[in-house]
Amino acid sequence: MTRAILSLGSNLGDRYAHLRDAVTRLGERVVLASGVYETPPWGDADQPPYLNAVLLVADPAAGADGWLEQARALERAGGRVRDPERRFGPRTLDVDVIAAWQDDGTPVLSDDPELILPHPRAHQRAFVLKPWLDLQPYARLPGHGWVTDLLNAPELTADANALTPRPDLPLESQE
């Protein structure tokens, strides 16, 4: 497999620096980086706002497990400490593998508890879907449909409207 969509989020410390560092560490594997959005917290409202972005990454040698390992390595490098008592709590860096595709474009599907693909809640998260559309206006989330349709669903309207674009915080990509 060679391609994946990664979601980045940070709401502790220098949020922008955490996102930039993740992009730098991924290096040439970053094909495209979305715009950065400031977003209210999701799942646990008692925390600071997030900066979120999405990356399209490619690596001919990476499988789904490889992308998961890379996501965890980025989180460790960003100083992420997991709080077992607070699942959706604040974090220096959160990196999720949203979807992945094999060389021939076939989506990777996984029900492994360590890496469920596509991400089981991506279709409910405007902070993933809106930046993804920056990269791929005709994106499809495997098993859920067109990202545009998902983002325009009535249950996501308020979340989508709460995202604030931050064009003053660009992320670099290789193309």
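Being a predicted model, the structure only gives us computed values, none of them experimental.

**Some details on the overall build of the protein chain**
In terms of regular secondary structure, the protein chain is built from five helices and ten strands. A compact globule built from 175 residues would reach a C-alpha radius of gyration of about 16 Å, and the protein chain, at 15 Å, matches this within 12%. Across its three principal axes, the protein chain shows a C-alpha extent of roughly 40 × 35 × 35 Å. The burial tally for the protein chain puts 49% of its 175 residues in the buried class. Considering only intrachain contacts with a sequence separation of at least 6, the fraction spanning at least 24 residues in the protein chain is 70%.

**A few points about the environment of Asp 46**
By the element assignment, Asp 46 lies in the loop between β3 (37-39) and β4 (50-58). Sequence separation between Asp 46 and Ala 122 is 76 residues; the distance between their C-alpha atoms is 21 Å.

**What about the pattern of salt bridges?**
Enumeration over the complete set of coordinates arrives at seven salt bridges. Here Arg 91 makes a salt bridge to Asp 94, at a shortest N to O gap of 3.4 Å. For the pair formed by Arg 91 and Asp 94, the shared burial category is buried. Here Asp 168 makes a salt bridge to Arg 166, at a shortest N to O gap of 2.8 Å. Three or more residues are tied together by salt bridges with common partners; here these are Arg 15, Glu 38, Arg 166 and Asp 168.

**Considering the environment of Pro 131**
Here Pro 131 is to be found in helix α3 (residues 126-135). Using a relative accessible area of 0% as the deciding quantity, one classes Pro 131 as buried. C-alpha of Pro 131 to C-alpha of Ser 34: the two residues are 97 residues apart in sequence and 5.4 Å apart in space.

**Observations concerning helix α1 (residues 15-26)**
For α1, with twelve residues, the first-to-last C-alpha span of 17 Å sits near the 16 Å given by 1.5 Å per residue. Every buried residue of α1 is listed here: Arg 15, Tyr 16, His 18, Leu 19, Ala 22, Val 23 and Leu 26. Take α1 and look down its axis: the buried residues cluster within an arc of 165°, on one side only. Elements in contact with the buried residues of α1: β1 (3-10), β2 (30-33), β3, β4 and α2 (64-77). Directly beyond the C-terminal end of α1, a positive phi value near 60° is found at Gly 27.

**Thoughts on the nonpolar core**
One broad trend across soluble globular proteins is that nonpolar side chains are buried collectively. One finds Leu 55, Val 57 and Leu 171 to be the most contacted residues of the largest nonpolar core, which totals 30 residues. Formed by 24 residues, the second largest nonpolar core is a distinct cluster that contains Ala 122, Val 128, Ala 139 and Val 147.

**A short note on the packing of aromatic side chains**
Any two aromatic rings considered together are summarised by their centre-to-centre distance and by the angle between their planes. On inspection of all chains with the given rule, the structure shows one aromatic pair. Between the NZ or CZ atom of Arg 20 and the centre of the ring of Tyr 16, over which it lies, the distance is 4.4 Å. The residue whose ring lies beneath Arg 140 is Trp 146, and the NZ or CZ to ring-centre distance is 4.5 Å.

Calculation notes
- What you see as residue numbers is a count from 1 along each chain, following the sequence as written.
- Where totals are concerned, whole chains, interfaces and linings use all residues; where local detail is concerned, this predicted model gives features only for residues with pLDDT of at least 70, and gives and counts side-chain atom pairs only at 80 or more.
- Side-chain descriptors were evaluated using all non-hydrogen atoms of the structure, hydrogens and water having been removed beforehand.
- Counting from the N terminus, the helices are DSSP H or I runs at least four residues long and the strands are E runs at least two residues long.
- Atoms counted for the radius of gyration: C-alpha only. Globule rule: 2.2 Å times residue count to the power 0.38.
- Only protein chains enter the calculation, and the probe is 1.4 Å; a residue is then buried if its accessible area is under 20% of its type maximum, exposed if over 50%, and partly exposed in between.
- In what follows, a contact means two residues having at least one pair of non-hydrogen atoms within 4.5 Å.
- By salt bridge we mean one thing: a side-chain nitrogen of Lys or Arg within 4 Å of a carboxyl oxygen of Asp or Glu.
- What a helix is expected to span follows from its residue count: subtract one and scale by 1.5 Å.
- The directions from the helix axis to the C-beta atoms form the arc being described.
- Nonpolar cores were defined as sets of buried Ala, Val, Leu, Ile, Met, Phe, Trp, Tyr and Cys residues, with membership established by side-chain atoms within 4.5 Å.
- A pair of Phe, Tyr and Trp rings is counted when the ring centres sit within 6.5 Å of each other, with Trp represented by its six-membered ring. The angle between the planes then sorts it: under 30 degrees is stacked, over 60 is edge-to-face, the rest tilted.
- Sitting over a ring, as applied to charges here, requires NZ of Lys or CZ of Arg to be within 6 Å of the ring centre and within 35 degrees of the ring normal.

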